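Observations on chain architecture
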2 protein chains.
Amino acid sequence: MKEELIESLGKAKVSQSESERYRHSRDESSHPFIEPDFVVFPENVEDVVKVLRLANEHVVPVTPYGAGSGLEGQAIPINKGISLNFDRMNKVIEFSPEDLMITVEPGITRLQLNEYVNKHGLYFPIDPGADASIGGMVATNASGTTAVRYGSMRDQVLDLEVVLANGTVIHTGSKAKKSSSGYHLNGLITGSEGTLGVITKVTVKLHGIPEKVIAARCTFQTPGECAEAAQVVLASGIQVLRMELVDAESIKQVNEYGNYSFPEEHSLFFEFAGAPNIVEEEATVVEELMKELGCNNWERANSSKERADLWKARHEMAYAFKHIKGKVSTGSDSCVPISKLAEMVVFGRELLEQSGLIGGVFGHVGDGNFHTIAMYDPNDPVEVEKAEYTNEQIAMKAINLGGTCTGEHGVGLGKRKYQVTEHGDALELMKSMKTLMDPKGILNPGKIFY
Amino acid sequence: MKEELIESLGKAKVSQSESERYRHSRDESSHPFIEPDFVVFPENVEDVVKVLRLANEHVVPVTPYGAGSGLEGQAIPINKGISLNFDRMNKVIEFSPEDLMITVEPGITRLQLNEYVNKHGLYFPIDPGADASIGGMVATNASGTTAVRYGSMRDQVLDLEVVLANGTVIHTGSKAKKSSSGYHLNGLITGSEGTLGVITKVTVKLHGIPEKVIAARCTFQTPGECAEAAQVVLASGIQVLRMELVDAESIKQVNEYGNYSFPEEHSLFFEFAGAPNIVEEEATVVEELMKELGCNNWERANSSKERADLWKARHEMAYAFKHIKGKVSTGSDSCVPISKLAEMVVFGRELLEQSGLIGGVFGHVGDGNFHTIAMYDPNDPVEVEKAEYTNEQIAMKAINLGGTCTGEHGVGLGKRKYQVTEHGDALELMKSMKTLMDPKGILNPGKIFY
């Protein structure tokens, strides 16, 4: 296989070095590292076609690798084979500012894309936190803090160029803003985690940079009250840009880690964005609503520096936990109907208390999507079991309440066990689609399904 | 087959009457009428399962029928067999106002649904014009005048209950607002026109009724100027509720038909909706923008009566054309990137002039989606050919410009011929998915694909 890869692609695009194999053995999750046999660096769609044809012929697994920032092990080549790294496919192919649209290669990262379009007054608002690659964000249907306003990746994708397992290149959509033509392959490939095809081009919507942004923060007595307050904001019809819950324990970690003195209470963070008059009005209305609900510590920031300070506790939270010595983090990513969110958030907080693990509850409460983070010692079987139990209880309760085990991280390795419960007989259909499109099972095997 | 249907469902749910067969032979398109052998009126999902099991066993086509308001022949049972009428499955199953969400049976119409939820301050905004059934709207991924603000049906669907060809019942999503779990079957079934499964329940998002609505209208010298003006509004970031182009010829037809005296010029219609202060601001900004671009006849209306009058020329346009004696209508439904819209609109207007047919150009210019309507004598082969030629030229040009042959009507019968050009190799994948999910080809055969 190695000889054929080198013969087909040239030596400079194939690596078996220990350092590259190690780098491609992992992502940001706590799943065990597994090294690929080869790392291949395609430079264009033709290279990807060559790799897939060879891999399909020899039945060798192919696992796409973007920025390695995934949280469910999607980039880990658990059956070894080829890790397909998109670092060299990170160019802008076509930028059409008047159509609020851009076509890029999948290896470009979110911040690189924004750097490119920001000077034209446009931005790509989907923000999963990490500087993920656009291809990876499509593959996992990523979202994050701005989904309450802009939706998920799937809502941004207009067209994808995709190489199928047999090397056929297709386009899944068009450059029209809406379409009723044929089956919706855009939506099918988005979120398919590299199991149905390899993405080689991405056309997404762009949005105008809001003229003004106002940030605000307030606190409540319980995480449940925060969730209920978020529900009131949604019902008001005000289109917040971001609305995030961070619980008291998480704020405490941030204070310890960064030497801050934020009020260690359950907090709701807001951003309003748009035309100046309109955002002023929005911030004022939300302030009134929150105060009617009995919030404390309402604070508001206008300048970009003030906003950054105000949101610091949210931004630094994950890092604060990760600096606890001797522990690694695991987390949940469930999403439920808004009316069930308060119940879920309280349940998550209680589970963490019961487990005795250090952990936090936070999330994108405008979508009903929230996370728990639990810190455990990977060498202590009791802690491992407690962390896993917490995640499982949350995922199963979310599914029972009509929600999903994963709002934005994807299934990858860790959420496979919930798929039967969540999808029932639809799971068999999904598996048969996988077999149809990848009969030899070379495309990111072991992800989504066992 | 008749005996088995009656034995399984009871006599009251199966009809072979001439009147029912005639009613189910057609939709609102000009495609030839074809009568089904039977009309079946299921009352619940179990009935649909029984019908599909029998049909699959006997290899009898099943064509779902909602309100019969489709525009591409999707409800016409071109291979005869069973027309599955959803009149009796029109109930609300679960209404969750606090989640801005409702689950309904597919036979409920858009206006029935709105009547149900309006008293709670909520509405279902997707408006294709006709009082279509929700199931039909999902099946065709319908949209209409409000898509510029709310997107298409696919953007509203959270979950579907679907009966597959073999009688298996699946759910395609969940009640969570976003999900990265499994393949996106919601998006796949939405827009699949009854070719992959039969929809038996629909869970959709609802939205708060805007506190205030302002309507406005202005005119420009050319349809191209209207399209360019629409692009300027989009670029401003103002979220209009509706933004519609109606060309001078269409206004002339409305004036003749309704005895009005609207200015017979190329017109742009607007609606702004939201909190009072915000919509006032929006209407004022757009007025300034339009006047800078040299519009004429700017008029604005606040009360609901005034708004209805102002928009009359838009609302009555299709009917005005349809009252031309001895002619029937056909039309195009292409959607292109916004920057190509002016070119397309001018092209459409020129084609109509060249054809000598009476016709109009209008559409949802905020989405890049526009329609031509051409009136022809179905008994005059020359006129038939001219009408068809016009449609074809528009569809092919839209595809060449990176757009689609159908923005909202669906493929049905009339757009099948463009599918290879538009989708290329992806069409083979779509066909293989159809074969996977419906191996005997009983589900609405002859739609989307030949």
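Bear in mind the structure is a predicted one, so any value in this text is a computation, not a measurement.

Here the focus is the sheet that holds strand 8 (residues 157-163) of chain B. Residue and element names in this part refer to chain B. The strand order across the open sheet built from five strands is 5-6-10-8-9, with neighbouring strands paired in antiparallel fashion. Of all strands in the sheet, those bounded by a partner on one side alone are strand 5 (92-96) and strand 9 (169-171). Between one strand axis and the next, the sheet turns by 10° as a mean value, whatever way the strands run. Here strand 5 pairs with strand 6 (residues 101-104) via four bridges, running antiparallel. When the sheet's bridge partners are listed, F95 is paired in strand 6 with I102.

Moving on, we get to the environment of G151(B). Residues and elements named next belong to chain B. Locating G151 in the fold gives a position in the loop between helix 6 (147-150) and strand 8. Assessed through its relative accessible area of 16%, G151 is described here as buried. Separated by 100 residues in the primary sequence, G151 and V51 have C-alpha atoms spaced 34 Å apart. For G151, the residues in contact, after removing those within four places along its chain, are I126, S143, T146 and Q156.

Here we take up the nonpolar core. If you look at the biggest cluster of nonpolar residues, it comprises 86 residues, and the most contacted ones within it are F124(A), I134(A), F124(B) and I134(B). Dropping the residues within four chain positions of it, F124(A) is found in contact with L113(A), N114(A), V117(A), I134(A), M137(A), M153(A), Q156(A), V204(A), K205(A) and L206(A). Grouped together as the second largest cluster of nonpolar side chains are 44 residues, V148(B), F347(B), L352(B) and V361(B) included.

Right, let's get into the packing of helix 1 (residues 2-9) of chain A against helix 3 (residues 45-58) of chain A. When two helices pack together, their arrangement is given by the angle between their axes and by how far apart the axes lie. All names here are of chain A. Running from N to C, helix 1 and helix 3 point in directions that differ by 155°, and their axes come no closer than 10 Å. In terms of axis orientation, helix 1 runs roughly antiparallel to helix 3. Every pair of crossing elements has a handedness; the one defined by helix 1 and helix 3 is right-handed. Taken together, the residues of helix 3 that come into contact with helix 1 (itself represented by E4, L5, S8 and L9) are D47, K50, V51, L54 and H58.

The next subject is the relation of the copies chain B and chain A. Once chain B has been moved 0.0 Å along the axis and rotated by 180°, it coincides with chain A to within an RMSD of 0.0 Å. In short, the pair behaves as if placed about a two-fold rotation axis. Mapped onto chain A, 100% of the interface residues of chain B are again interface residues, and the two copies thus contact each other with one and the same surface.

Each side of the interface is counted separately: chain B has 74 residues, and chain A has 74 residues. Carbon and sulfur atoms make up 59% of the surface buried where chain B meets chain A, a total of about 5400 Å² over both sides. Of all residues in chain B, K178(B), S180(B) and Y183(B) bury the most surface against chain A, accounting for 18% of the area lost on that side. The interface formed by chain B and chain A contains five salt bridges. The partner of K178(A) in a salt bridge is E408(B), and the shortest N-O contact between them spans 3.0 Å. The set of elements that each furnish at least two residues to the side of chain B that touches chain A consists of strand 9, helix 7 (185-189), helix 8 (223-235), helix 10 (276-292), helix 16 (419-423) and helix 17 (426-437) of chain B. For the side of chain B that touches chain A, the element with the most residues is helix 17 of chain B, which contributes eight residues. Residue composition of the side of chain B that touches chain A, by class: 26 nonpolar, 34 polar and 14 charged.

Residues and elements named next belong to chain A. This structure, assessed with the given rule, holds 62 salt bridges over all chains. In this structure, the salt-bridge partner of E35 is R21, at a minimum N-O distance of 3.4 Å. Of the two residues, E35 sits in the loop between helix 2 (18-23) and strand 2 (38-40) while R21 sits in helix 2, which places them 14 residues apart along the sequence. A salt bridge links K415 to E72; its shortest N-O distance comes to 2.5 Å. Linking K415 in the loop between helix 15 (381-400) and helix 16 (419-423) with E72 in the loop between strand 3 (62-65) and strand 4 (82-85), this pair joins segments that are 343 residues apart in sequence. Each of R110, D127, R242 and E271 takes part in salt bridges that share partners, so that together they form one network.

This brings us to the domain arrangement of chain A. Accessible area lost during the coming together of the parts is what is often quoted as the interface size. Residue and element names in this part refer to chain A. Each assigned domain of chain A is listed here: domain 1 (2-85), domain 2 (92-208), domain 3 (212-318) and domain 4 (324-423). One C-alpha centre belongs to domain 2, the other to domain 3; they are set 29 Å apart. Listed by partner, the interface residues are seven residues for domain 2 and nine residues for domain 3. Each partner contributes to the roughly 690 Å² buried at the junction of domain 2 and domain 3, and carbon and sulfur atoms together form 51% of this total. Its largest share of buried area at the contact with domain 3, domain 2 owes to T145, V148 and R149, together 80% of the area lost on that side. Linking domain 2 to domain 3 there are one salt bridge. When the shortest N-O distance is used, the salt bridge between D127 and R242 registers 2.9 Å. The interface formed by domain 2 and domain 3 contains four residue pairs in polar contact (both at pLDDT 80 or more). At three residues, the largest contribution of residues to the side of domain 2 that touches domain 3 is made by helix 6 (residues 147-150).

A word on the packing of helix 8 (residues 223-235) of chain A against helix 14 (residues 341-355) of chain A. Residue and element names in this part refer to chain A. One way to put it is that helix 8 packs onto helix 14 with a least axis distance of 8 Å and a crossing angle of 155°. Put simply, helix 8 runs roughly antiparallel to helix 14. Of the two elements, helix 8 crosses helix 14, and the hand of that crossing is right-handed. Here helix 8 contributes P223, G224, A227 and E228 to the contact with helix 14, which in turn contributes L341, A342, V345, V346 and R349. Partitioning the contact of helix 8 with helix 14 into residue classes produces six nonpolar, one polar and two charged.

Note on placement: D367(A) falls in the loop between strand 17 (359-364) and strand 18 (369-376). Aside from chain neighbours lying at most four places away, what touches D367(A) is G144(A), A147(A), V148(A), C335(A), V336(A), I338(A), K177(B) and K178(B).

Before going further, it helps to spend a moment on the sheet that holds strand 3 of chain A. Strand pairing in a sheet relies on backbone hydrogen bonds. The paired strands run either parallel or antiparallel. All names here are of chain A. Taken in spatial order, the four strands of this open sheet run 1-2-4-3, and their pairing is mixed. Edge strands, defined here as strands with exactly one partner in the open sheet, are strand 1 (14-15) and strand 3. As judged from the two bridges shared by strand 1 and strand 2, these two strands associate in the antiparallel manner. The partner of S15 across the bridge, within strand 2, is V39. Sheet strands in contact with helix 1 are strand 1, strand 2 and strand 4, and its direction is about 15° off that of strand 2. Set on the sheet, helix 3 makes contact with strand 2, strand 3 and strand 4; between it and strand 4 the angle comes to about 170°.

This next bit is on the packing of aromatic side chains. Residue and element names in this part refer to chain A. The final tally for this structure, using the stated rule, is 16 aromatic pairs over all chains. Centre to centre, the rings of F270 and W298 are 6.0 Å apart; their planes meet at 40°, and the pair counts as tilted. Taken together, the residues span a long stretch of sequence, with F270 in strand 14 (residues 266-274) and W298 in strand 15 (residues 296-301) at a distance of 28 residues. Of the residues examined, W298 reaches a relative accessible area of 14% and is grouped as buried.

Here is what the cut-offs are and how they apply
Counting from 1, residues in each chain are numbered in the order their sequence is written. All chains are assigned letters beginning with A, and all ligands numbers beginning with 1, in the order in which they are written. Totals for whole chains, interfaces and linings use all residues, but because this is a predicted model, local features are given only for residues with pLDDT of at least 70 and pairs of side-chain atoms are given and counted only at 80 or more. For the side-chain quantities, the full set of heavy atoms in the structure was used; hydrogens and water were omitted. Two strands form a pair only when DSSP identifies at least two bridges running between them. Put simply, DSSP marks the helices as runs of H or I at least four residues long and the strands as runs of E at least two long, and each gets a number from the N terminus on. Convention adopted: a line fitted to C-alpha atoms gives each axis, helices being fitted over their contacting stretch, and angles between N-to-C directions are expressed from 0 to 180 degrees. Burial classification: accessible surface area is computed with a 1.4 Å probe over protein chains only, and a residue below 20% of its type maximum counts as buried, one above 50% as exposed, and the rest as partly exposed. Residue contacts are defined here by distance: any two heavy atoms, one from each residue, within 4.5 Å place the two residues in contact. In this description, a nonpolar core means a group of buried Ala, Val, Leu, Ile, Met, Phe, Trp, Tyr and Cys residues linked to one another through side-chain atoms lying within 4.5 Å. Our angle categories are set so that under 35 degrees counts as roughly parallel, over 145 as roughly antiparallel, 65 to 115 as roughly perpendicular, and the remainder as oblique. Left-handed is the label given to a crossing in which the near helix is rotated counterclockwise from the far helix by less than a right angle, and right-handed is the label when the rotation is clockwise. Alignment of the copies relies on least squares applied to C-alpha atoms, considering only residues that score at least 70 for pLDDT in both. Summed over both partners, the accessible surface that disappears when two parts come together, traced with a 1.4 Å probe, is what is meant by buried area. The salt bridge criterion pairs a side-chain nitrogen of Lys or Arg with a carboxyl oxygen of Asp or Glu, the two atoms within 4 Å. Gly is placed with the polar residues, together with every amino acid not listed as nonpolar (Ala, Val, Leu, Ile, Met, Phe, Trp, Tyr, Cys and Pro) or charged (Asp, Glu, Lys and Arg). Here the limits of each domain have been adopted from an automatic or database domain assignment. Here a polar contact means two N or O atoms within 3.5 Å. Within protein one must be a hydrogen donor candidate and the other an acceptor candidate, and residues neighboring in sequence count only if both atoms are side-chain atoms. Pairs were defined over the aromatic rings of Phe, Tyr and Trp, the Trp ring being its six-membered one, requiring ring centres within 6.5 Å. Orientation was assigned from the angle between planes: stacked under 30 degrees, edge-to-face over 60, tilted for the rest.

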